[in-house]
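Chain by chain, the residues:
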Amino acid sequence: MSTSAVSAASTTCSKSNIARGIGRLTDLVFTSGKGSYVQTTCGQSLLDFTTGIGVVNTGHCHPRVIAAAKAQCDNIIHSQVNIGYH
């Protein structure tokens, strides 16, 4: 399947299955991120001026953050914070 077909399929699926609580400025589909840049299914590399709270300080895919996340996943992935400490 071509990248444009994947992009179109992802956009169609998202529009019909994800709540519309937040509007979208584009129909771009992001495939990866590294540092301050994100890549799209169209092959574009874009400077991410809208980084969310999860990446604003370290950028996308910082090696230390990845290592910490992988180590945590070996222990527990999700537990209810209102039930006990973790």
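Residue numbering note: each chain is counted from 1, following its sequence as written. Under the rules for a predicted model, residues below a pLDDT of 70 receive no local features and side-chain atom pairs below 80 are neither given nor counted, while totals for whole chains, interfaces and linings still include all residues. Values reported for side chains reflect all heavy atoms of the structure, with hydrogen atoms and water molecules removed beforehand.

### Some remarks on the pairing of strand E2 (residues 37-40)
Here's step 1: Working definition: with a 1.4 Å probe on protein chains only, accessible area under 20% of the residue-type maximum means buried, over 50% means exposed, and in between means partly exposed. Note on conventions: DSSP H or I runs of at least 4 residues are helices, E runs of at least 2 residues are strands, and numbering of each starts at the N terminus. Burial along E2 is one-sided: the residues Val38 and Thr40 are buried and none of Tyr37 and Gln39 is.
Here's step 2: Bridge analysis of strand E1 (residues 30-34) against E2 gives four bridges, and the strand direction is antiparallel. By the bridge assignment, Lys34 is partnered in E2 with Tyr37.
Here's step 3: The pairing criterion for strands is at least two bridges between them, as found by DSSP. Hairpin connection of E1 to E2: two residues between the antiparallel strands, including Gly35 at a positive phi of 65°.
Here's step 4: The sheet contact formed by E2 and strand E3 (residues 45-47) spans three bridges and is antiparallel. Paired with Tyr37 across the two strands is Leu47, which belongs to E3.

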